[in-house]
Amino acid sequence: MKMSCKIRLDEFMAGLIRRNPGESDFHQAVFEVARDILPFVESRKIYCDNRILERMTEPDRIVIFRVSWEDDDGNIRANRGYRVQFNNAIGPYKGGLRFDKGLTLDTLKFLGFEQTFKNSLTGLPLGGAKGGSDFNPKGKSDHEVMRFCQSFMTELFRHIGPDTDIPAGDLGVGGREISYMYGQYKRLTNTVTGTLTGKGLSYGGSMVRTEATGYGLVYLTDTILTHHGNGLAGKTALVSGSGNVAQHTVEKLLEYGVTVLTMSDTSGFIYDKNGIDAEKLAFIKQLKNVERKRISEYAAAFGAEFHEGQKPWKVPAQLAFPCATQNEILELDAKALADNGCLVVAEGANMPVSNEGIDIFDRAGVLFAPAKAANAGGVAVSGLEMAQNSLRLSWTRKQLDAKLKNIMRHIHEQCVEYGTDEGRVNYRKGANIAGFIKVAEAMVAFGNC
Ligand code: GLU
């Protein structure tokens, strides 16, 4: 008997939860997409008949492995390594590696799923993947990080390659870690193919890659505001996080004449009523990238407020850029932002806003730019790094910045095309549908595989 291809959201989610028990981040990410895609799929019989959404929520492959390494005191340590190769319908697997002591497969499945849509939205031929380890880089010496990265790559290298899977950085994985892993990959394979992105400029890295996620986030927000007859200049903004994405978001916001009031780390947030200027941002960069110390030092140095263990969302401002980690804006945080008249919330991190938070923004008319659109600039310039490596050429900073701007503009156009309801742009819906279509078209073309 032929099964009906129509499926209700609650039935779809019940099946997903049964197959992936206890994985609440993954359930949350799929729900956020499925509630937009299922009604759309009903109107496109070909996607419905081919069960594309069901197939897209099942990763192509997951690799899990042991990573043994030796600490500075001569102790043997063991961690777990992962690579979730989610979908390669439109290009080789692509996505970052996260090192975080609390990392689980649940988080990586949500990130790999999201990455598939994000990479599709960039318009570049990139599939979706994510990986990492429960290794905690905090407080480790350079030598410990090096030994861990080399051991991690000693297993991962057999699963990746320039036409297969190209990892990059994410939380806890920056230039230092990518360099150690890339060095080991090159040694093991005796090839120079640029199989990781986010590399140093002297060995195949791309200009603008370090800045790309934060800059792209601001370019998209500028386009959103311009589309709604408004602009960035003169606005106030809340930024959370103080890592790569947050730093370059603040840097670009300053160029546009925005006053940035807050930044944060896992210990709390700083509130600088006078605004974080270029000199203060340089202090944050030194503090976080070189000294690897707590953000409270900023408060002591510049006489700003430090709110221990708190998040910045109750501070009144017109723009909010959550750039720390998933689920940092929950229902009450979203309510505080909406009540204080926030105009735009743009996700620099992946899934920082809960589904309840998104609903509050929808109801209050706060423009919400989801991560798969808003932070796609990072992976987009990774895609450009891959293109340069294949061409054995390097483009200039100016060329790359112009390409990044174009990609963010194109993402905005797709959101407007698929997310406009009664004259209002629902960026979440637009990004979900546009990201889905390209992958779905490829999967239909390949037939039943
Ligand atoms: N980790 C980043 C992201 O979430 C970048 C991934 C990449 O460059 O491959 O999109």
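Here is a short report on the structure shown in this document. This structure is a prediction, so every number in the text was calculated from the model and none was measured.

Overview of the nonpolar core
- Grouped together as the largest cluster of nonpolar side chains are 57 residues, with contacts concentrated most on Leu253, Phe321 and Ile411.
- With eight residues, the top contributor of residues to this core is helix α8 (residues 212-227).
- In this structure, Ile411 is in contact with Leu121, Thr122, Leu220, Ala373 and Ala376, ignoring residues within four places of it in sequence.
- Formed by 37 residues, the second largest nonpolar core is a distinct cluster that contains Leu105, Leu111, Met351 and Ala440.

Digging into unusual backbone geometry
- We note that Asn190 has phi near 50°; this positive angle belongs to a residue other than glycine.
- If you trace the backbone, Asn190 turns up in the loop between α7 (175-189) and α8.
- A relative accessible area of 70% places Asn190 in the exposed class.
- We note that Glu422 has phi near 45°; this positive angle belongs to a residue other than glycine.

As for the pattern of salt bridges
- One pass over the structure, following the stated rule, counts 30 salt bridges.
- Between Arg83 and Asp165 there is a salt bridge, with its nearest N and O atoms 2.7 Å apart. Pair noted here: Arg83 is in strand β2 (residues 76-87) and Asp165 is in strand β5 (residues 165-168), with a separation of 82 residues, a long-range link.
- Since its relative accessible area comes to 0%, Arg83 is described here as buried.
- Looking at Asp165, the relative accessible area reads 0%, which means it is buried.
- Among the ionic pairs, Arg176 bridges to Glu177, the shortest N-O distance being 3.0 Å. Like Arg176, the residue Glu177 is buried in the burial classification.

As for the site of the ligand
- Residues in close proximity to the ligand total 13 residues, the closest being Lys94, Lys118, Gly169, Asp170 and Ser382.
- Separating an oxygen atom of the ligand from a side-chain N or O atom of Lys94 is a distance of 2.7 Å.
- At 2.6 Å, a side-chain N or O of Ser382 approaches an oxygen atom of the ligand.
- Relative to its unbound accessible area of 300 Å², the ligand is 94% covered by the protein chains.
- Residue assignment for the shell around the ligand shows that the elements contributing at least two residues are β3 (93-99), α5 (105-121) and α15 (376-391).

Conventions adopted
Residues numbered from 1 in each chain as written. Predicted model: local features only at pLDDT ≥ 70, side-chain atom pairs only at ≥ 80, totals over all residues. Heavy atoms only, no water. Core = buried A, V, L, I, M, F, W, Y, C linked by side-chain atoms within 4.5 Å. Buried < 20%, exposed > 50% of the residue type's maximum accessible area, 1.4 Å probe, protein only. Helix = DSSP H or I, 4+ residues; strand = E, 2+ residues; numbered from the N terminus. Contact = heavy atoms within 4.5 Å. Salt bridge = Lys/Arg side-chain N within 4 Å of Asp/Glu carboxyl O. Near = heavy atom within 4 Å. Polar contact = N/O pair within 3.5 Å; in protein donor to acceptor, adjacent residues only side chain to side chain. Areas by Shrake-Rupley, 256 points an atom, 1.4 Å probe, with all protein chains shown as cover.

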